[in-house]
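Residue-level listing of the chains:
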Amino acid sequence: MSMTKVATGARPRVLVRGAGVAGLTSAVTLAERGADVVLLEIGGREGAGASWMAGGMLAPWCEAESAPPEVTRDSIESVEWWAAHVPDVARNGTLVLAPPRDVADITRFSRRTSHFDLVDGDRIAELEPDLAGRFDKGLFFPEEGHLDPRKALAALRERLIALGGTVQLNAPADRMAGDPWHGARPDWVVDCTGIAAEKRLTGLRGVRGEMVLLRCHEVTLHRPVRMLHPRIPVYIVPRADHLFMVGATMVESESLASMTLRSMVELLTAAYVLHPAFGEAEIVETGVGVRPAYPDNVPAVTVEGRTVYVNGMYRHGFLLSPSRARRVGDIVFGASAA
């Protein structure tokens, strides 16, 4: 697709491909800065890919345990960005716990992170009364937050439309339906198609994520709980209506096959260890997604001509998409003003 340079002072026409978290945050950021945005999604809803299965944790300090420093550096303001753009962002922090046999992992986790309080059983009970008497030691990261990804993506779509943007679902992969710019071509294409861009982007690979959605009326949590485990750390994230998302996100596989029995047992066991009442929980949904990742597991923004690629979100999609979207905006408006 050939591009023409935008005249100084003109609104850049931007075609964004992919309505996952990277595409929607980029589209909204561009529209807020004055771009004329058309967002295309080949699926039938926003977040039709890996974003639909995300945990929605906004945890820059916890992620420092296994991520390079730039992940924390670039995501510190993510809670504020999301709170300014979508409803129901909870800012209650994150609680890190471990079963008694793995309590040494708490110390290991603390050595790799910062901005936490070391908490004992009494403090854990204050933070989460339903966990009283169940754990003697943990870490509390008070500055972190979480959201419901599905509600957040829908809110971003509505925000984009309110800003004058266009959203086309079930869109053909290679073209737009209709003629939004009356014969003119877009000035920029922003490609946020995730693992679908694997053949176009060197080094991109898929990382399988698995989740179980439970409904349990007997347990109330106010913040995400990370259960440390020697093989797969598991997180339990509360949502509305007594729903809990239980997930693990670091399986090196591009398979979209259904969950294995072993994976299901590990996720459900983590929930049960957190609180035995989860043993009577209703299994509402299970899901598998493939997240795109580069070798360093850090999301990248790259430019080829007038195409900007935002990809490799790995497990940091909701955490890092605001900073990557800001970079996209700087590229589009920096070049169009030149």
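Before reading on, note that the structure itself is shown above.
Remember, predicted model here, so these are calculated numbers, not experimental data.

> What am I meant to see in the pairing of strand β10 (residues 205-215) here?
Each regular strand shows side chains that alternate between the opposite faces of the sheet. Counting buried positions over the eleven residues of β10 gives nine, a clear majority of the element. Here β10 runs beside strand β14 (residues 282-293); their pairing, made up of eleven bridges, is antiparallel. Residue pairing across strands places Val212 opposite Thr286, the latter belonging to β14.

> Looking at this structure, I do not really get the environment of Glu128. What am I missing?
Position of Glu128 relative to the elements: it lies in the loop between α6 (121-127) and β6 (137-141). On the basis of relative accessible area, Glu128 is assigned to the buried category, the value being 0%. Residues Glu128 and Thr220, 92 residues apart in the sequence, show an inter-C-alpha distance of 7.9 Å. Look past the residues within four positions of Glu128 in its chain and what remains in contact with it is Leu95, Thr220, Leu221, His222 and Arg223.

> Sorry if this is basic, but what is going on with the layout of surface pockets here?
Any empty space left between atoms is shown by rolling a water-sized probe over those atoms. Of the volumes computed, that of the largest pocket is approximately 910 Å³. Taken together, 49 residues make up the lining of the largest pocket; nearest its centre are Gly20, Gly49, Ala50, Ser51 and Gly194. Breaking the lining of the largest pocket down by element, the ones donating at least two residues are α1 (21-32), β14, β16 (307-311) and α9 (317-336). Ranked by residues supplied to the lining of the largest pocket, first place goes to β14 with five residues. Here the second largest pocket is characterised by a volume of approximately 250 Å³. Along the walls of the second largest pocket sit 15 residues, with Asp88, His146, Pro238, Arg239 and Ala240 positioned nearest its centre.

> What am I meant to see in α1 here?
For the α-helix, the turn length of 3.6 residues means that residues three or four positions removed from each other point alike. With twelve residues, α1 extends 16 Å between its outermost C-alpha atoms, agreeing within 8% with the 16 Å of an ideal straight helix rising 1.5 Å per residue. Burial analysis of α1 places eleven of its twelve residues in the buried class, the great majority of the element. Just beyond α1, the residue with positive phi is Gly34, at close to 110 degrees.

> Can you help me understand the pattern of salt bridges in this one?
Pairs can form between side chains of opposite charge whenever their charged atoms are close. Counted under the stated rule, the structure contains 22 salt bridges. Notably, a salt bridge pairs Glu65 with Arg112, separated by 3.4 Å at the nearest N-O pair. Of this pair, Glu65 sits in the loop between α2 (60-63) and α3 (69-75) while Arg112 sits in the loop between α5 (104-111) and β5 (117-120), and the two are 47 residues apart along the sequence. On the accessibility criterion, Glu65 (17% relative accessible area) is buried. Residue Asp102 is joined to Arg101 by a salt bridge in which the shortest nitrogen-to-oxygen separation is 3.6 Å. For Asp102, a relative accessible area of 9% corresponds to the buried category. Within this structure, Glu65, Asp105, Arg108 and Arg112 form a network of salt bridges that share partners.

> What am I meant to see in helix α7 (residues 149-162) here?
The end-to-end C-alpha separation of α7 is 20 Å, in line with the 20 Å expected for 14 residues at 1.5 Å each. Backbone nitrogen of Arg150 and a side-chain oxygen of the N-cap are separated by 3.1 Å at the start of α7; the cap is Asp148. Following α7 by one or two positions, Gly164 adopts a phi angle in the positive range, close to 95 degrees.

> What am I meant to see in the nonpolar core here?
Among soluble globular proteins, nonpolar side chains are generally buried collectively. Counting residues in each nonpolar core, the largest one holds 38 residues, and the members touching the most others are Val16, Leu30, Trp82, Val190 and Phe318. Every element with two or more residues in this core is listed here: β1 (13-17), α1, β2 (36-40), α4 (78-85), α7, β9 (188-191), β16 and α9. Among all residues touching Leu30, those that are not within four sequence positions of it are Val14, Val16, Ala35, Val37, Val190, Val328, Gly329, Val332 and Phe333. Of all hydrophobic cores here, the second largest spans 30 residues; its members include Ile124, Leu221, Ile232 and Ala248.

Conventions and cut-offs
Residues numbered from 1 in each chain as written. Predicted model: local features only at pLDDT ≥ 70, side-chain atom pairs only at ≥ 80, totals over all residues. Heavy atoms only, no water. Buried < 20%, exposed > 50% of the residue type's maximum accessible area, 1.4 Å probe, protein only. Helix = DSSP H or I, 4+ residues; strand = E, 2+ residues; numbered from the N terminus. Pairing = 2+ DSSP bridges. Contact = heavy atoms within 4.5 Å. 1 Å grid on protein atoms, 1.4 Å probe; cavity = no way out; pocket = protein on both sides within 12 Å on 5 of 7 lines; lining within 4 Å. Points joined across faces, edges and corners; volume = space filled by probe spheres on them. Expected span 1.5 Å × (residues − 1). Salt bridge = Lys/Arg side-chain N within 4 Å of Asp/Glu carboxyl O. Polar contact = N/O pair within 3.5 Å; in protein donor to acceptor, adjacent residues only side chain to side chain. Core = buried A, V, L, I, M, F, W, Y, C linked by side-chain atoms within 4.5 Å.

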